[in-house]
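# Overview (structure and organization)
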Amino acid sequence: MPQLQSMKKELGLMFTYLREVDGDAERDHEDPVAEQWVKQFRELAFEAEDTIDLFTYEVTMMQRKNIFGKILNFVPFLANISILTKRIGTINDEFKKHYGNRKEYNIQPVQRIQPVAAKVVEPIVDVVGLETEADTVTKELMKKVDTRPFGVVSITGIGGLGKTTLAKKLYGIFDLLQHFDSRAWVHLSGGYKQKDVLLSIIKQVDSPEIEEKGKLREMEVEDLKERLSTSLKGRNYLIVIDDIGEEEDWAYLRAILPAPSKGKICRVLLTSRNDNVASANFIGPPHHLGRLNGEESLELLFKAVFPDGDAEAILDARFKSVAKNIVDRCDGIPLAILVMAGVLCRTGRTYEEWNMVLQLALDQLCTSNFMKVLCLSLTKLPRRLKQCFFYFGLFPEDSIIQRDRIIRLWVSEGFLEPGVGSTMEDTGWEYLEELRQRHLIQVARWKSYGEPESFKVHDLLRLAISLDKQGKFRNVPIPQDSLEFSRRVAFHDDADCSENKMGSYTTRSILCFTEMSKLSHFGMFKLLNVLDLERAAGIETLPKEMEKLIFLKYLNLSRTGLTLLPPWVGEFYRLETLNVYKTLVVSVPIEILKLVKLRHLLCLNRKVRYQLYSGDDLSSMPDDFLPRSDRRITQLRDLRTLWFHTGSWMEDELQKLTNIEELGLSGVKGMMWNYREALYHALVKLKKLKVLYLEEQKQCQEITLPSFKDHQRLYDISIIGVITILPQLDMFPSCLTRLRLSCNHMMEDMMSTIEKLPELKELRLDWHPYDGVVMKCSIGGFPKLEFLTLICFDYLIYWIVEEGSMPNLRVLDMNRLFGLKWIPGGLRHIRTLQKLSLTMPMEFLERVREGGVDFEKIKHIPSITTREVEIPPQIAERLPTKENEWFQATGQQIPQDH
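Residues numbered from 1 in each chain as written. Predicted model: local features only at pLDDT ≥ 70, side-chain atom pairs only at ≥ 80, totals over all residues. Heavy atoms only, no water.

## Let's talk about the overall build of the protein chain
Here is the rule: Each helix is a run of H or I in the DSSP string that is no shorter than four residues. Each strand is a run of E no shorter than two, and both are numbered from the N terminus. Three labels apply to residues, based on accessible area from a 1.4 Å probe with only protein chains included: buried if under 20% of the type maximum, exposed if over 50%, partly exposed otherwise in between. Residue contacts are counted whenever heavy atoms from the two residues lie within 4.5 Å of one another.
Counting its regular elements, the protein chain contains 27 helices and 27 strands. For the protein chain, with 898 residues in total, the buried portion stands at 55%. In the protein chain, the share of contacts with a sequence separation of at least 24, taken over all contacts with a separation of at least 6, comes to 63%.

Dropping the structure here:
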């Protein structure tokens, strides 16, 4: 149809031109007439997109019908096509007319500025103006006063003053770490549950294993309270409850917190905007945070804009004067100052440019100065970033949002415009980093090797979401009468998910954060691009009605109860992300190989992974996760992420997926061993790999690894399965920062090789990685290692750490090293060590307690947590024989404690 093809071409021009006129200097608030023109133009583009897709939908649905269905529906089909054809012609005419008027409104393209990816640096918590409060609160928390059942200290004040920042600073103070045996941090969100709070505290103070966590989730509140009391018995402990709302919330939580043992101290630190949130057990009056004064405000601004401390060298008196006027607009609110700093960081360092920012702040029409600052930050925010920032508003308040998830959503929404030589995922990461630098989003969790893992948005900044009109975002935390004009809808707890409340057929994206048991409703969303149901309860199957969602680009069913992926999923020909990770799906239909636009395919399921650790019979698993077929997985040429079970599909195919950046493979019934040659040759050729995860679930089969010396981007490797001999040093990638070795049963000390990896920051050795008796970390070894986890070494008796090894170690977890005789003496020289976790037999723990023979080696460590475990009888019986056999076989001398 010529008109349709013409309109598709015009639509491409529409969106290209919209990006140009929006540019990197957003036009909002500059010229109301021009703004209205752009708004109308954008609405026309949306309508054109919907009309084209509706036309395509009608034709596709007609083609799928059998001959009887085509005859029966022919007349309605023609009527619909006629209506859409007329609308296509009208929109074409409106576009030409609207585009022709652009000069009358002075609409000109703006030259785009490509964002520059900055080095990611974990920020140091800044407590400008809070030093006195920090000292006072610390002393109160450590007071030896008898308050029953526990003593309470609170930090209060309006939003944005730094209550959480101060609490986080206190949480890591050396004196407090030494004073309290156990700590837990709970951040409250709307609609929290007692059970969730208890589970969070137990996980932090007790570090339960994977299988135990599952049992805890099934326990009732009273049982969890008893479990927590047992865990904290005999300990001094600190619990931080962040962002508590009302007095009744505190009364609700107070009832579930256990009282300390006799002679022990329990402290609860609260942060709240309500001075009256707690009325009992106070050690002192609430610490009410005030606003920063002028000098403190300037100090914070300069620290944020000039992190290298060169403000004095750059700024003259006139410059400092305009800076003072700028912070005056922020009312002494640290969050407002940081948001303003984010604007200034993207502005030239001249008086004229900073003065222009000041004038824009003065011109804002909002009532409060903080809102003026917020409006200014959004005014200066490029549209490419603005729509990405607003997307965070679809998630529930206080959500922790995974980096990969939000980037994949942005890709499917069409928000990202990669530069030359960059992928869309690379661009998404750059956008996240720029939003972070502007202080519009915060890092919730950092990976141990220095990259952000997840993000969150301060609740005050979430106010900005309500300002958006053009993007048509909509949250649905409670039932709504009409969602007719919402292109993106999010269902939160207590939302009405009935058919007449769910939205219009033009809705493009749905994110669900509540129970969604009746999925048949989704068939009405003819034009849906994004469907994210991660963790949604009540999902077991996909109804036939969903087959109609032919425009889906993103389908996320991760961590649901889904048991079957139907073959018609292969008809979602636009799909870019398919995520059924940690579901109950045990095989996938061969039809998924028709999804040639897939970029991210995640199909490892939780049932198989649970059986790995439980030892259950795997005979019920299919022989091949992906059935044999003439179709080839190499049809998925755009794949960037592949999490899959091994099988025949790997033969001569895996090695051709050369765009893969993240590869996770799990072998069932020894399947990884069966296809070891295909895997070996593929790993040699997949040079773009960044993350590699290999898991062989049949523990008698060995994993064979090639050399990774030519893999310049591979920074994260996890190998779960038998490795007889560790590869030589020159076979490891040069940029490796994280390494996990599990279930390897090596007999040679792997430390002599691993300690020489120059960039390694995190090392995890768990579940029988080494069956030897002696392990040694040499002087100069592990130069950048910060996190070391050792779990379940059955026969390790002597661990030697020489002085000068691991000079930057921050966190050490020693768990179930059943035969270990003593704490390595070399730990006394590691002054960077902040946290030591010991899950060990009683005899070992007696050595490290105050007054014990090993206490001097670790007394400098601020945070030490201990938990007793029993040595399994079969290991205790075998240890003496194992030790004798080892020294006879190796000819080594028995090491001495140093």
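## A short note on the packing of helix α12 (residues 294–305) against helix α15 (residues 334–345)
To be explicit about the condition: Axis lines are fitted to C-alpha atoms, over the contacting stretch for helices. Their N-to-C directions set the angle, which ranges from 0 to 180 degrees. Here is the rule for angles: anything less than 35 degrees is roughly parallel, anything more than 145 is roughly antiparallel, 65 through 115 is roughly perpendicular, and the remaining ranges are oblique. Handedness of a crossing follows from how the near helix is turned relative to the far one, being left-handed for an anticlockwise turn of less than a right angle and right-handed for a clockwise one. Note on residue categories: nonpolar means Ala, Val, Leu, Ile, Met, Phe, Trp, Tyr, Cys or Pro, charged means Asp, Glu, Lys or Arg, and polar means any other residue, Gly included.
In the contact formed by α12 and α15, the axes pass within 9 Å of each other and the chain directions differ by 40 degrees. The angle between α12 and α15 places the two elements in the oblique class. Read as a crossing pair, α12 and α15 show a hand that is right-handed. Within the contact between the two elements, α12 uses Ser297, Leu300, Leu301, Ala304 and Val305 and α15 uses Pro334, Ile337, Leu338, Ala341, Leu344 and Cys345. Its residues assigned to classes, the contact of α12 with α15 comprises 10 nonpolar, 1 polar and no charged.

## Points about the nonpolar core
Heads up, the rule is: Working definition of a nonpolar core: buried Ala, Val, Leu, Ile, Met, Phe, Trp, Tyr and Cys residues. They are joined through side-chain atoms within 4.5 Å.
Ranked by size, the top nonpolar core spans 125 residues in total, and within it Phe644, Leu654 and Trp799 carry the most contacts. By size, the runner-up hydrophobic cluster in this structure holds 84 residues, among which are Val153, Leu269, Leu315 and Leu381.

## Considering the packing of helix α8 (residues 194–206) against helix α10 (residues 221–232)
Across the interface, α8 lies against α10 with an axial gap of 10 Å and an inter-helix angle of 25 degrees. Relative to α10, the element α8 is oriented roughly parallel. Of the two elements, α8 crosses α10, and the hand of that crossing is left-handed. Across the interface between the two elements, Gln194, Lys195, Leu198, Leu199, Ile201, Ile202, Val205 and Asp206 of α8 pack against Val221, Leu224, Lys225, Arg227, Leu228, Ser231 and Leu232 of α10. By residue class, the composition of the contact of α8 with α10 is 9 nonpolar, 2 polar and 4 charged.

## Brief notes about the pattern of salt bridges
Put simply, the rule is: In the sections that follow, a salt bridge refers to a side-chain nitrogen of Lys or Arg positioned within 4 Å of a carboxyl oxygen of Asp or Glu.
With the rule as written, the count across this model stands at 38 salt bridges. The residue aspartate 50 makes a salt bridge to arginine 487 at a minimum N-O spacing of 3.2 Å. Of this pair, aspartate 50 sits in helix α2 (residues 32–64) while arginine 487 sits in the loop between β9 (473–476) and β10 (488–491), placing them 437 residues apart in sequence. Residue classification places aspartate 50 among the buried positions, given a relative accessible area of 10%.

## Here we look at the packing of aromatic side chains
Stated precisely, the cut-off is as follows: Working definition: rings of Phe, Tyr and Trp (its six-membered ring) pair if their centres are within 6.5 Å, and the pair is stacked with planes under 30 degrees apart, edge-to-face with planes over 60 apart, and tilted otherwise. When the NZ atom of lysine or the CZ atom of arginine is within 6 Å of a ring's centre and also within 35 degrees of its normal, the charge is said to sit over that ring.
Throughout the structure, instances matching the rule amount to 15 aromatic pairs. Their ring planes at 80 degrees and their centres at 4.7 Å tell us that phenylalanine 319 and tryptophan 354 sit as a pair that is edge-to-face. Taken together, the positions of phenylalanine 319 in helix α14 (residues 317–328) and tryptophan 354 in helix α16 (residues 351–363) put the pair 35 residues apart, joining distant regions of the chain. Judged by centre distance (6.5 Å) and plane angle (90 degrees), the ring pair of tyrosine 770 and tryptophan 886 falls under edge-to-face. Of this pair, tyrosine 770 sits in the loop between β21 (762–766) and β22 (774–777) while tryptophan 886 sits in helix α27 (residues 873–890); the two residues are 116 residues apart in sequence, bridging distant segments of the chain. Positioned over the ring face of tyrosine 171 is arginine 183, at 4.1 Å from the centre of the ring.

## Focus: helix α5 (residues 131–141)
We count it as follows: Picture the helix axis, draw a direction to every C-beta atom, and the arc is the one those directions span.
All of the buried residues along α5 are Ala134, Val137, Thr138, Glu140 and Leu141. One face of α5 carries all of its buried residues, which in axial projection span an arc of 165 degrees. In α5, the exposed residues that point more than 90 degrees away from the buried face are Thr132, Asp135 and Lys139. Against the buried residues of α5 lie β1 (151–156), α6 (163–171), α7 (174–179), β3 (237–244), β4 (266–272) and β5 (287–288).

## With respect to unusual backbone geometry
A positive phi angle is found at arginine 559, which is not glycine, with a value near 60 degrees. By secondary structure assignment, the location of arginine 559 is in the loop between β13 (554–556) and β14 (577–579). Even without being glycine, tryptophan 767 reaches a positive phi, approximately 55 degrees. By secondary structure assignment, the location of tryptophan 767 is in the loop between β21 and β22.

## Side note on the side chain of arginine 438
One can find arginine 438 in the loop between α20 (424–437) and β7 (442–446). Arginine 438 gets classed as buried once you look at its relative accessible area, which sits at 7%. For arginine 438, the residues in contact, after removing those within four places along its chain, are Leu338, Val339, Gly342, Arg346, Lys380, Leu381, Pro382 and Leu385.

## Some thoughts on the pairing of strand β25 (residues 811–817)
Quick note on the threshold: A pair of strands is treated as paired once DSSP finds two or more bridges between them.
The buried fraction of β25 is high, at 6 of 7 residues. Here strand β23 (residues 787–793) runs beside β25; their pairing, made up of 6 bridges, is parallel. Across the sheet, the residue bridging to isoleucine 791 is asparagine 815, located in β25.

## Some thoughts on the sheet that holds β7
Note on sheets: strands pair through backbone hydrogen bonds, and any given pair is parallel or antiparallel. On the basis of which strands lie adjacent, the open sheet formed by 3 strands has the order β6-β8-β7 and antiparallel pairing. What marks the edges here is a single partner per strand, and that holds for β6 (401–402) and β7. When β7 meets strand β8 (residues 452–456), the two strands line up antiparallel, connected through 4 bridges. Note that in β8 the partner of glutamine 442 across the bridge is lysine 456.

## Comments concerning the pairing of strand β26 (residues 835–840)
Two faces belong to every sheet, and in a regular strand the side chains alternate between them. Among the 6 residues in β26, 5 count as buried, and that is most of the element. Pairing between β26 and strand β27 (residues 863–868): 6 bridges, direction parallel. Paired with leucine 838 across the two strands is threonine 866, which belongs to β27.

## Notes on the sheet that holds strand β2 (residues 182–187)
Strand order in this open sheet of 5 strands is β2-β3-β4-β1-β5, and the pairing throughout is parallel. Of all the strands in the sheet, just β2 and β5 have a single pairing partner and so form its edges. Two elements, β1 and β4, share 6 bridges in a ladder whose sense is parallel. When the bridges of β4 are listed, isoleucine 155 appears paired with threonine 271. On the sheet, α8 packs against β2 and β3 and is oriented at approximately 145 degrees with respect to β2. Contacts between helix α11 (residues 247–254) and the sheet are confined to β1, β3 and β4, with β3 contributing the most and set at about 150 degrees to the helix.

## Here we look at the environment of valine 443
Counting through the fold element by element, valine 443 comes out in strand β7. Distance in space between the C-alpha atoms of valine 443 and isoleucine 401 is 9.5 Å, their sequence separation being 42 residues. Not counting the four nearest positions on each side in its chain, valine 443 is found in contact with Arg436, Pro452, Ser454 and Phe455.

## Some thoughts on the environment of glutamine 442
Note that glutamine 442 resides in strand β7. Setting aside residues no more than four positions away along its own chain, glutamine 442 makes contact with Ser454, Phe455, Lys456 and His458.

## Observations regarding the environment of glutamate 222
Tracing the sequence through the fold places glutamate 222 in helix α10. For the pair glutamate 222 and leucine 198, spaced 24 residues apart in sequence, the C-alpha to C-alpha distance is 10.0 Å.

## Re α6
Restricting attention to buried positions, one finds in α6 the residues Lys163, Leu166, Ala167, Leu170 and Tyr171. Along the long axis of α6, the arc covered by the buried residues comes to 140 degrees, so they all point the same way.

## A closer look at the confidence of the model for the protein chain
We count it as follows: The predictor attaches a confidence to each residue, and that confidence, scored 0 to 100, is pLDDT.
The predicted model of the protein chain averages 80 in pLDDT, with 81% of residues at 70 or higher. Across residues 23–29, where pLDDT falls below 50, the model places 24 contacts with residues more than four positions away in sequence or in other chains. Taken as a whole, residues 608–618 scores under 50 in pLDDT and shows 22 contacts with residues more than four places along the chain or in a different chain.

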